[in-house]
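Summary of structural features
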Amino acid sequence: MEGSEELESSLLTQPWASVHFGESTFLAKVCFRDTGYILLISDLSSVWYESADAEAVGQRSKELNKRLTVHVSSFLNHLCNLMCPLLAGQPGATTTFSCHRSPSGLRLHVKSELSGLPFYWEFHCCPAPLEMVFRHLVRPLIHMNLALQYQVQELISLLLQKDAEIEDYRESGATLSRDRLKTEPFREETFQQNFMAETLPGICRAGEGPAFASALQQLYTAVTQQEAKQARKRHCSEGDVDTAPTAETTEHPHPPAPSQEDETTSSSERTSPTSSPAQKPRLAAAKAKPKKAKGLFS
């Protein structure tokens, strides 16, 4: 059965989407499976989440929908069909969403229909732990920023190459057939100054609008897929390291057993030997040289 850790790993590669509940705007992402769901939602001031397994979903569905007696998987499938259009910016016409914030968390209320009967649901979200916030929001945004920086540098390099190509044509006597196509050589420093002074203030003033446009959602998914891939590699490497000592222990689970000769010698030192004709000459020889005692392996 897929547990909460597997659900969160599946949630990682789901992109954030802008959703509106009344006048409030949130970022949200959700992952549904037959075994449960996990929801992550933020207003960029706080981050909340809920992870519920099939048993919790079944219990809550009985409390909220006493007239419905469908299987838990049907509830999960119906919830998925309600939430996915919402995240895509196309909520169903017969579905309403509302939320209530409190110091202890956030509740998201859903009202719809299922099998011709009213359907109600509540997501009980509590504050997300810092590790979850870093994993799903902070680290991916940092990696996206680095990726966009590399992309900008590659585009600048391409522009400079194009300018050099155009200049070569001009020196060869080529002319434009349409003057409106004429451009000035690209100057990176001038471009950066104009962007900071003119474009950036307009972006910051806008404030609202989709925080994750389609292109950024694709970039987020690509970045988190790489992170998930690296996490699997680290997990496999740690598994290999953990099994190495086990293999050594398997080869030599116990210290080597003493040989028969060693056991006989040790036994002869611990206990007095029995008197026999064969042992009498050895005892006599031992008494003849009492000054030179020998160790076990001498």
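Here the structure is a predicted model, which means the values were calculated and not measured.

Bringing the sheet that holds strand β7 (residues 117–127) into the picture now. One open sheet holds the seven strands; their spatial order is β1-β2-β3-β4-β7-β6-β5, and the pairing between them is antiparallel. Edge positions in the sheet fall to β1 (17–21) and β5 (96–102), since each has one partner strand and no second. Across the sheet, the mean angle from the axis of one strand to that of its neighbour is 30°, orientation sign disregarded. Bridge count between strand β6 (residues 105–114) and β7: nine bridges; the pairing is antiparallel. Within β7, the residue paired with L106 across the bridge is C125. Each of β3 (36–42), β4 (47–53) and β7 touches helix α2 (residues 54–64); the most contacted strand, β7, lies at about 130° to it.

As a further point, take the confidence of the model for the protein chain. Looking at the protein chain, the pLDDT average stands at 81 and 77% of residues meet or exceed 70. Contacts for the low-pLDDT stretch residues 247–257, under 50 throughout, to residues beyond four places or in other chains number zero contacts. In this model, residues 263–289 is a region of pLDDT below 50 whose contacts with residues beyond four sequence positions or in other chains number seven contacts.

This part takes up unusual backbone geometry. A positive phi angle is found at L44, which is not glycine, with a value near 70°. With respect to the helices, strands and loops of the structure, L44 is situated in the loop between β3 and β4. Judged by relative accessible area, L44 falls into the exposed class, the value being 63%.

Definitions and limits used
- One numbering rule holds for all chains: residues counted from 1, following each sequence as written.
- Predicted model: local features are reported for residues with pLDDT of at least 70 only, side-chain atom pairs are reported and counted for 80 or more only, and whole-chain, interface and lining totals are derived from all residues.
- Hydrogen atoms and water are omitted, and side-chain values are computed over all heavy atoms in the structure.
- Here, a strand pair is defined by DSSP locating no fewer than two bridges between the strands.
- Runs of E in the DSSP output that reach at least two residues are strands. Runs of H or I that reach at least four are helices, and both are numbered from the N terminus.
- Between N-to-C directions, angles span 0 to 180 degrees; the directions come from axes that are lines fitted to C-alpha atoms, helices contributing only their stretch in contact.
- The contact criterion used is simple: two residues touch if any of their non-hydrogen atoms lie within 4.5 Å.
- pLDDT is defined as a per-residue confidence score from the predictor, taking values between 0 and 100.
- Buried means the residue's accessible area, taken with a 1.4 Å probe over protein chains only, is under 20% of the maximum for its type, while exposed means over 50%, and partly exposed covers the values in between.

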